[in-house]
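Inside the fold
Given next are the chains, with one letter for each unit.
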Amino acid sequence: MNNALTTAAAGFGTGLSLIVAIGAQNAFVLRQGVRRDAVLAVVGICALSDAVLIALGVGGVGAVVVAWPEALTVIAWIGGLFLLAYGALAARRVVRPAGALRTEGDAAGSRRRAVLTCLALTWLNPHVYLDTVFLLGSVAADCGPLRWTFGLGAAVASLCWFAALGFGARYLGRFLARPAAWRVLDGLVAATMIVLGLTLIAGA
């Protein structure tokens, strides 16, 4: 039971570290939340999409490991190096921030337009596949039989983040409009990614 809880917590932390990075999807969710426009639909699409992609990553990478056990070493090295690179980029943003998350812009106009925009930002973004399918899948594979527990933790993290971002936008909007806030978040992301990357490589 303790191992399962620890694995789920690791999945939650890893998933959260990946999705809090400043980007178009987060900006869109926050903007919709500030305007209180189709928030439930947007949050639902983001969280459900992540859950599907995480499941594909956990199941797909896990199947490769079962068929070819030596693949775990290869996946661990690739995933570890990717995590280290991801962490280095986050650390670079701490030193040289890209700026605050922008919430201004044209209104979505309609629920249908908001939904279509959200789907495009989610499914047409190559980084989403790298983060959820490959990266989370490779880290989950290292958990062996508990890889689905890890994936569940990551999916819950996604749901919590998007719900907080969308429904808490009235409180978070002013805070996240400050570059300093994203420097703190990026610092936490960098530390988490680097530790995870070194752990993966060390266990390969």
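What this report covers is the structure whose coordinates are included nearby. A quick note: this is a predicted structure, and the numbers were derived from the prediction, not measured. (Residues numbered from 1 in each chain as written. Predicted model: local features only at pLDDT ≥ 70, side-chain atom pairs only at ≥ 80, totals over all residues. Heavy atoms only, no water.)

With respect to the overall build of the chain
Secondary structure summary: the chain contains nine helices and zero strands in total. Listing every helix and strand of the chain by position from the N terminus yields α-α-α-α-α-α-α-α-α. By the burial criterion, 40% of the 204 residues in the chain qualify as buried. Nonlocal contacts in the chain, meaning residues at least 24 apart in sequence, comprise 87% of its contacts between residues at least 6 apart. (Helix = DSSP H or I, 4+ residues; strand = E, 2+ residues; numbered from the N terminus. Buried < 20%, exposed > 50% of the residue type's maximum accessible area, 1.4 Å probe, protein only. Contact = heavy atoms within 4.5 Å.)

Looking at a nonpolar patch on the surface
Together, Leu48, Val52 and Leu56 make up a nonpolar patch on the protein surface, roughly 280 Å² of accessible area in all. The class of leucine 56 is exposed, set by a relative accessible area of 52%. (Patch = residues over 30% accessible without salt bridge, like charges linked within 9 Å, V, L, I, M, F, W, Y side chains within 5 Å. Areas by Shrake-Rupley, 256 points an atom, 1.4 Å probe, with all protein chains shown as cover. Salt bridge = Lys/Arg side-chain N within 4 Å of Asp/Glu carboxyl O.)

A closer look at the environment of leucine 136
Looking at the secondary structure, you find leucine 136 in helix 6 (residues 126-141). Its relative accessible area of 3% is what places leucine 136 among the buried residues. Between the C-alpha atoms of leucine 136 and glycine 11, which are 125 residues apart in sequence, the distance is 8.2 Å. The contacts of leucine 136, once residues within four sequence positions are left out, are Thr14, Gly15, Leu18, Ile54, Asp131, Phe150 and Ala154.

Here's the deal with the state of the cysteines
Counted by the stated rule, this structure contains zero disulfides. Unpaired in this structure, cysteine 118 has its nearest cysteine sulfur neighbour in cysteine 46, at a distance of 3.5 Å. Residue cysteine 118 is classed as buried on the basis of its relative accessible area, which comes to 1%. (Disulfide = S-S within 2.5 Å.)

Some words on helix 7 (residues 147-167)
Two residues of an α-helix separated by three or four positions point the same way, owing to the 3.6 residues in each turn. Across its 21 residues, helix 7 extends 30 Å between first and last C-alpha, which sits within 8% of the 30 Å expected from 1.5 Å per residue. Listing the buried residues of helix 7 in full gives Phe150, Gly151, Gly153, Ala154, Ala155, Ala157, Ser158, Trp161, Phe162, Leu165 and Gly166. (Expected span 1.5 Å × (residues − 1).)

Section: the environment of threonine 122
Tracing the backbone shows threonine 122 in helix 5 (residues 111-123). In sequence terms threonine 122 and glutamine 25 are 97 residues apart; their C-alpha atoms lie 6.8 Å from each other. Beyond its immediate sequence surroundings of up to four residues, threonine 122 is in contact with Gln25, Cys46, Ser49 and Val128. At 2.8 Å, the side chain of threonine 122 and the backbone oxygen of cysteine 118 are in polar contact. (Polar contact = N/O pair within 3.5 Å; in protein donor to acceptor, adjacent residues only side chain to side chain.)

Notes on the environment of tyrosine 129
Position of tyrosine 129 among the secondary structure elements: in helix 6. Residue class for tyrosine 129 comes out partly exposed when judged on its relative accessible area of 33%. Remark: the alpha-carbon pair of tyrosine 129 and glycine 57, spanning 72 residues in sequence, is separated by 8.7 Å. If sequence neighbours within four positions are ignored, tyrosine 129 has contacts with Leu53, Trp123 and Phe134.

Describing helix 5
Between its first and last C-alpha atoms helix 5 spans 18 Å; for 13 residues at 1.5 Å apiece the expected length is 18 Å, and the two agree. Among all positions in helix 5, only Ala114, Cys118 and Thr122 are buried. Down the axis of helix 5, the buried side of the element spans an arc of 60 degrees, and every buried residue falls inside it. (Arc of directions from axis to C-beta.)

So yeah, pure geometry; function would need other evidence.
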